[in-house]
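The chain contents come next:
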2 protein chains.
Amino acid sequence: MTKSPGTRAAYHHGNLVEELIAATIGLIEEKGVDAVSVREAAKRAGVSPAAPFRHFANKTALMTAVAEQAMGRLTLSVQQELSETGDADPVEGLRAIARGYLAWALANPTHFDVIASRTLIDFHGSPKLTGETEAIRLVMLDLIARGQASGRIARTLAPDALMLSARAFIYGLCRMWIDGHFAEWHVDKPAGQAMAEAVDLFIDMIGGRHATGQAGA
Amino acid sequence: MTKSPGTRAAYHHGNLVEELIAATIGLIEEKGVDAVSVREAAKRAGVSPAAPFRHFANKTALMTAVAEQAMGRLTLSVQQELSETGDADPVEGLRAIARGYLAWALANPTHFDVIASRTLIDFHGSPKLTGETEAIRLVMLDLIARGQASGRIARTLAPDALMLSARAFIYGLCRMWIDGHFAEWHVDKPAGQAMAEAVDLFIDMIGGRHATGQAGA
DNA sequence: ATCAAATGTAAGCAGTGATTACATCGGAGG
DNA sequence: CCTCCGATGTAATCACTGCTTACATTTGAT
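How each quantity is defined
- Per chain, residues are indexed from 1 in the order of the written sequence.
- Lettering for chains starts from A, numbering for ligands starts from 1, and both go in the order in which the items are written.
- Residues qualify for local features only when their pLDDT is at least 70, as the model is predicted, and side-chain atom pairs are given and counted only at 80 or more; totals for whole chains, interfaces and linings, by contrast, use all residues.
- Based on all heavy atoms of the structure, the side-chain values leave hydrogens and waters out of the count.
- In this comparison the copies share one frame, found by least squares on the C-alpha atoms of residues holding pLDDT of at least 70 in both.
- We call two residues in contact whenever any of their non-hydrogen atoms come within 4.5 Å of each other.
- Defined in terms of a 1.4 Å probe, buried area is the accessible area two parts forfeit on being brought together, summed over both.
- The rule for a salt bridge is simple: a side-chain nitrogen of Lys or Arg has to be within 4 Å of a carboxyl oxygen of Asp or Glu.
- UniProt positions are given in the numbering used here, feature names are shortened, and annotations may be inferred rather than shown by experiment.
- Helix and strand definitions follow DSSP, with helices as H or I runs of at least four residues and strands as E runs of at least two, each counted in order from the N terminus.
- We define proximity as follows: a residue is near a molecule or strand when any one of its heavy atoms falls within 4 Å of that partner.
- Pairs of N or O atoms are called polar contacts if they sit within 3.5 Å, as long as, within protein, a hydrogen donor faces a hydrogen acceptor (for residues adjacent in sequence, only side-chain-to-side-chain pairs).
- By the convention adopted, Pro, Cys, Tyr, Trp, Phe, Met, Ile, Leu, Val and Ala count as nonpolar, Lys, Arg, Asp and Glu as charged, and the other residues, Gly among them, as polar.
- The buried label goes to any residue with under 20% of its type's maximum accessible area, the exposed label to any with over 50%, and the partly exposed label to all in between, with areas taken from a 1.4 Å probe on protein chains only.
- Note that domain bounds follow an automatic or database assignment of domains.

Caption draft 1: How the structure looks around the relation of the copies chain A and chain B. Laying chain A over chain B is done by rotating through 180 degrees and shifting 0.0 Å along the axis; what remains is an RMSD of 0.0 Å. In symmetry terms, the pair is related by a two-fold rotation axis. For chain A, the minimum C-alpha distance to the rotation axis belongs to glycine 172 of chain A and amounts to 1.7 Å.

Caption draft 2: How the structure looks around the interface of chain A and chain B. Taken together, the contacts link 58 residues of chain A with 58 residues of chain B. Counting each side, the surface lost to burial between chain A and chain B is near 5,000 Å², with a carbon and sulfur contribution of 65%. Among the residues of chain A in contact with chain B, Leu164, Trp185 and Met205 of chain A are the three that bury the most area, contributing 14% of the side total. Our count for the chain A to chain B interface comes out at six salt bridges.

Caption draft 3: Seen up close, the UniProt feature "domain: HTH tetR-type" (unreviewed entry) in chain A. The UniProt record annotates "domain: HTH tetR-type" (unreviewed entry) at residues 14-74 of chain A. Its end C-alpha atoms 29 Å apart, residues 14-74 of chain A is made of 70% helix and 0% strand.

Caption draft 4: The arrangement of the protein's contact with DNA strand C in detail. In the region of DNA strand C, 23 residues are neighbours, and Arg39 and Lys59 of chain A together with Ser48, Arg54 and His55 of chain B sit closest. Backbone sugar and phosphate groups make up 50% of those atoms of DNA strand C lying within 4 Å of the protein. Here a phosphate oxygen of DNA strand C and a backbone polar atom of serine 48 of chain B are 2.5 Å apart. Take histidine 55 of chain B: an N or O atom from its side chain is 2.4 Å from a phosphate oxygen of DNA strand C. Looking at the surface near DNA strand C, the elements with two or more residues in it are helix 2 (38-44) and helix 3 (52-55) of chain A together with helix 3 (52-55) of chain B. Its residues placed into classes, the surface near DNA strand C shows ten nonpolar, eight polar and five charged.

Caption draft 5: Inspection of the side chain of serine 165 of chain B at higher detail. Here serine 165 of chain B is to be found in helix 8 (residues 159-179). Among residues more than four places away in sequence, those in contact with serine 165 of chain B are Phe169, Ala198 and Leu201 of chain A together with Phe202 of chain B.

Caption draft 6: Summary view of the pattern of salt bridges. Evaluated as defined, the whole model comprises 36 salt bridges over all chains. Between glutamate 134 of chain B and arginine 137 of chain B there is a salt bridge; the shortest N-O distance is 3.0 Å. Here the residue glutamate 134 of chain B and the residue arginine 137 of chain B both occupy positions in helix 7 (residues 127-149), the gap between them amounting to three residues, near one helical turn. Owing to a relative accessible area of 22%, glutamate 134 of chain B belongs among the partly exposed residues under this scheme. Each of Glu92, Arg95, Arg99, Asp200, Asp204 and Arg209 of chain A takes part in a single network of salt bridges with overlapping partners.

Caption draft 7: Fine view of the domain arrangement of chain A. Residue and element names in this part refer to chain A. When its domains are assigned, chain A resolves into domain 1 (1-56) and domain 2 (58-206). Here the C-alpha centroids of domain 1 and domain 2 sit 32 Å apart. Listed by partner, the interface residues are twelve residues for domain 1 and 13 residues for domain 2. Both faces considered, domain 1 and domain 2 share a buried interface measuring about 1,200 Å² in area, 75% of it formed by carbon and sulfur atoms. Area buried by domain 1 at its contact with domain 2 is led by Ile28, Val33 and Phe56, which between them contribute 40% of it. Taken together, the links from domain 1 to domain 2 amount to zero salt bridges. Where domain 1 touches domain 2, the interface holds two residue pairs in polar contact (both at pLDDT 80 or more). Among the elements that take part in the side of domain 1 that touches domain 2, helix 1 (residues 16-31) stands out by supplying seven residues, more than any other. Of the residues belonging to the side of domain 1 that touches domain 2, the class tally is nine nonpolar, one polar and two charged.

Caption draft 8: Up close: the UniProt feature "DNA-binding region" (unreviewed entry) in chain A. Sequence positions flagged by UniProt for "DNA-binding region" (unreviewed entry) are, in local numbering, residues 37-56 of chain A. Secondary structure content for residues 37-56 of chain A is 55% helix and 0% strand, while the C-alpha to C-alpha distance between its ends is 13 Å.

Caption draft 9: Summary view of the environment of proline 49 of chain A. Residue and element names in this part refer to chain A. By the secondary structure assignment, proline 49 is in the loop between helix 2 and helix 3. Put simply, proline 49 and arginine 209 are 160 residues apart on the chain and 58 Å apart in space, counted from C-alpha to C-alpha. Here proline 49 is in contact with Val38, Arg39 and Ala42, once residues within four sequence places are set aside.

This is the structure:
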């Protein structure tokens, strides 16, 4: 059973931490987030069931590490979309954020699930997770403020309510997708397209692009 | 150990089904939806760990039964709010639905969690769950159609995209609350109030109440 | 009263997160 | 070079989970 000398790291693994995270990600991708078990991750890393607990206090800590990695890629996706658009027009900046967020969630549903969870991970205990969330929030607040200063966004919209609405909208859209709620709502076109249209509609509403002849009532 | 005769139903319980559902609800309310176990529900009903499986094929079936009960109350809340408002103004009808939905979710977060889950319950296998969801969807579609026919809602808004947006918005709002995402978004006022304001802002946007001077671009 | 179906129990399986006591390795000080 | 200690791994075990099988009891229709 013992590996021959020369084979790397027979007893001491070397970088179990990284390999456990990788194993967990693979597990999530294959069997879903609920099927993750510390034991299985350990087995995949070729290590005893108790070994992971040397590096992660509990399952939550392991999942939090996975979430931190994923969050890095999420913010990257958002920032990339934002830098491609430029932020000359604040409304288009908000649209870019929504698109980057949505695109990433669509491409990485299981990772999104992990990040969004508050039972699987210790979100508030992770400076990385709280920090990057706060960063996006501040960018959005700035865009809203600039949009209202320039008259591009109606000044009658309370910034904090607008903020919460936007956040709820995009989060709801992604969660509907990940939670599998689309079947019930008869989205006949490809989900990605339907979602993109919903995003555009919502952003356009913020941009005041839809008149009723009764505006300002 | 054996109950004296006269005490109701020593061996055969009588209505274990109802009591198991009740026990499960109690369990959810006390320790959260993740802490539910069939064994514990059985214990609370004063029955052996295997007994529940006579009435529910598996844990999912038990949770689905709980969801069906909860869904009944959710649609009731929506319909009640809707009937109080009347549906003379379609936009106000949509607002009423949003309010009824939100109010129920705020008052019954754990039940909402169960209904919204697609891993805990078998949503698509339950005619009651799919049926009541579809019913609400049809009411909303009708309100949108009437709103656009009367010019109360901008005809430039694609009905299906508007539908999806509204659904995503309200669902996202509720899930943010239930998933505990509010702390991260610095909602300084009571959450219920902030959510109500977000709902009003969103509905007002649908009603075209916010001019920018650039509308119709 | 009988007997089959409905409904309960007892025992046990495999898998889970987590803890404890012990084994082994690797690197710093003598 | 060697020793020793802390870091890292293992083995064994606990309480708990969903679920199954074999068996016991009760009930209601005939």
